[in-house]
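Residue-level listing of the chains:
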Amino acid sequence: MNLKCFECSKAYELDTIIYTCIDCGGLLEVVYEKGELLANAEKEEAWKGLPLSVWKYYPFLPIGKGSSRVTLNEGGTGLHITEKLSAFLGISRLYIKNEGENPTGSFKDRGMTITVTKARELGASTVICASTGNTSASLSAYGARGGLKRIVIIPTGKVAYGKLSQAMMCGANVIQVQGNFDNALEVVMELTGRHTDIYLVNSINPFRIEGQKTLGYEMVDQLGGVPDWVIIPVGNAGNISAVWKGLLEFREMGFIDRLPRMVGVQAEGSSPVVDAFESGGKRIENVKRPETVATAIRIGAPVSWKKAVRAMMDSGGTAMKVSDDEILEAQGSLARLEGLFVEPASASPIAALKKLIRNGTIARDERVVCVATGHGLKDPDIISRFYEKPIEVPAKIDAIEEILELKEKKTIVAAI
Ligand code: F0G
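Treat the numbers as computed from the prediction; the structure is a model and nothing was measured. (Residues numbered from 1 in each chain as written. Predicted model: local features only at pLDDT ≥ 70, side-chain atom pairs only at ≥ 80, totals over all residues. Heavy atoms only, no water.)

Taken as a whole, the largest pocket encloses approximately 490 Å³ of empty space. For the lining of the largest pocket, the secondary-structure elements that each account for two or more residues are β1 (2–5), β3 (28–31), α9 (238–252) and α11 (305–314). In terms of residue count, α9 provides more of the lining of the largest pocket than any other element does, 6 residues in total. (1 Å grid on protein atoms, 1.4 Å probe; cavity = no way out; pocket = protein on both sides within 12 Å on 5 of 7 lines; lining within 4 Å. Points joined across faces, edges and corners; volume = space filled by probe spheres on them. Helix = DSSP H or I, 4+ residues; strand = E, 2+ residues; numbered from the N terminus.)

Here is the structure:
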């Protein structure tokens, strides 16, 4: 097992503190020897009987056995079959993988438990990230749990309050920068280049991807097979790449014999990956001023875009952009019909699915998993911005009956 450049295949020792290839600047990946994962699976048979969680899959993770894990019990999130939403969309089997059930309320915890454990193995004293919010919340919680100093750099005024409050509460040094996520990430990369004792935990860090790939393993385990489609929101493009890596590994080990088609979803005002996919996937045009109500995926210069495009292309999948109105409508449908309150970015796959059924890309009898990446409570402001305030009346039964239109009924009962 070592680190390998995704572009030029230059290899590095697993424990080198490095984020991009020295030769070509490409992203790095944890790469296992041929047959290594299967050999681990056979040697460590106990994993099969463990309850679902990120660490269930320890034989396939790049963490030493003797390492002390920094964990808050991540993974093992629900895969919910939807009946009413499936009927509403006109499809028979739509499942929601609800990553909001993770300890800090998003899928980031899968990657963070591994990366912060690794940070301690490597002797780092401080962890840092740039973030649209969820990574900062996750870093702060796991950094606190692991006894590391934590710094988060966020775009001013564009991080939902639920996420910001998590980072502040968990004792991170929170710094807002004037600019967007892309500017924040640039600064963080420069800073970690200059101060090597500060460990970068954005998804450019290959250990983040290792934790997040368990999302792919887990959905297959829960489903008892492979879905036809997996639909995922795309921001910096790490997660779709991670899920695809997990699925490829499961196939290599012979646990599954086919792969799903992967769909990456972005908001119309922030869709460089979808545009790159649609124009052949060879190059990307970054978006200078990304804008969307789904602030989690408000990213104009996605670091892992090549990996994401490869996942969509190699799987025979597609990319789709959706408008803010479509996202909010999907968010409402999921909550009202299924009781699943997710943040706007997490509803974007439902909005995309609707369009993909309508245009005939996804057939009505196919099995679809939409990944809901973060909990609705992360972004409470969305409610006051887009929904009316609840009605207010005196605390009197008459007033309540009037509002609920129960008056009529009472008169009829009295008459009998
Ligand atoms: N959904 C949510 C809720 C997110 O927070 C993010 C990314 C994504 C989807 C996209 O995942 O970047 O791996 O393609 N949030 C990052 C953050 C950027 O800083 O919290 P991706």
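Additional details are given in the paragraphs that follow.
Within the secondary structure, Thr113 is located in helix α3 (residues 108–121). On the basis of relative accessible area, Thr113 is assigned to the buried category, the value being 0%. Once residues lying within four places of it in the same chain are set aside, the contact partners of Thr113 are Val54, Trp55, Val70, Thr71, Glu74 and Tyr142. (Buried < 20%, exposed > 50% of the residue type's maximum accessible area, 1.4 Å probe, protein only. Contact = heavy atoms within 4.5 Å.)

All right, on to the packing of helix α8 (residues 214–223) against α9 then. A pair of packed helices is captured by two measures, namely the crossing angle of their axes and the spacing between those axes. For the pair α8 and α9, the least separation of the axes is 6 Å and the interaxial angle reads 55 degrees. Viewed along their axes, α8 and α9 adopt a mutual orientation that is oblique. Listed contacts from α9 to Leu215, Gly216, Tyr217, Met219, Val220 and Asp221 of α8 are Asn239, Val243, Gly246, Leu247, Glu249 and Phe250. A per-class count over the contact of α8 with α9 returns 7 nonpolar, 3 polar and 2 charged. (Axes fitted to C-alpha atoms, helices over the stretch in contact; angles between N-to-C directions. Parallel < 35°, antiparallel > 145°, perpendicular 65-115°, else oblique. Nonpolar A, V, L, I, M, F, W, Y, C, P; charged D, E, K, R; others polar.)

Before going further, it helps to spend a moment on the site of the ligand. In the vicinity of the ligand there are 21 residues, among which Ser131, Thr132, Asn236, Ala237 and Thr373 approach most closely. Contacts to the ligand include Lys108, whose side-chain N or O atom sits 2.9 Å from a nitrogen atom. Take Asn236: an N or O atom from its main chain is 2.7 Å from an oxygen atom of the ligand. Protein burial of the ligand: of its 470 Å² of free accessible surface, 99% is covered by the chains. Most atoms of the ligand, that is more than half of them, are within 2 Å of grid points of the largest cavity. At the level of elements, α4 (134–145), α9 and α13 (344–358) are the ones that each hand at least two residues to the shell around the ligand. Grouping the amino acids of the shell around the ligand by side-chain chemistry returns 8 nonpolar, 11 polar and 2 charged. (Near = heavy atom within 4 Å. Polar contact = N/O pair within 3.5 Å; in protein donor to acceptor, adjacent residues only side chain to side chain. Areas by Shrake-Rupley, 256 points an atom, 1.4 Å probe, with all protein chains shown as cover. Sits in = over half its atoms within 2 Å of the grid points.)

Let's shift gears to the sheet that holds strand β12 (residues 318–322). Strand order in the open sheet formed by 6 strands is β4-β5-β13-β10-β11-β12, and the pairing between neighbours is mixed. The sheet is open, and its two borders are formed by β4 (79–82) and β12, each paired with just one other strand. Between one strand and the next, the sheet's axes are offset by a mean angle of 25 degrees, whatever the strand orientation. As judged from the 4 bridges shared by β4 and strand β5 (residues 93–98), these two strands associate in the antiparallel manner. Following the sheet pairing, Thr82 is matched in β5 by Leu94. The strands touched by α8 are β4, β5, β10 (229–233) and β13 (367–372); relative to β13, the strand with the most contacts, the crossing angle is about 135 degrees. (Pairing = 2+ DSSP bridges.)

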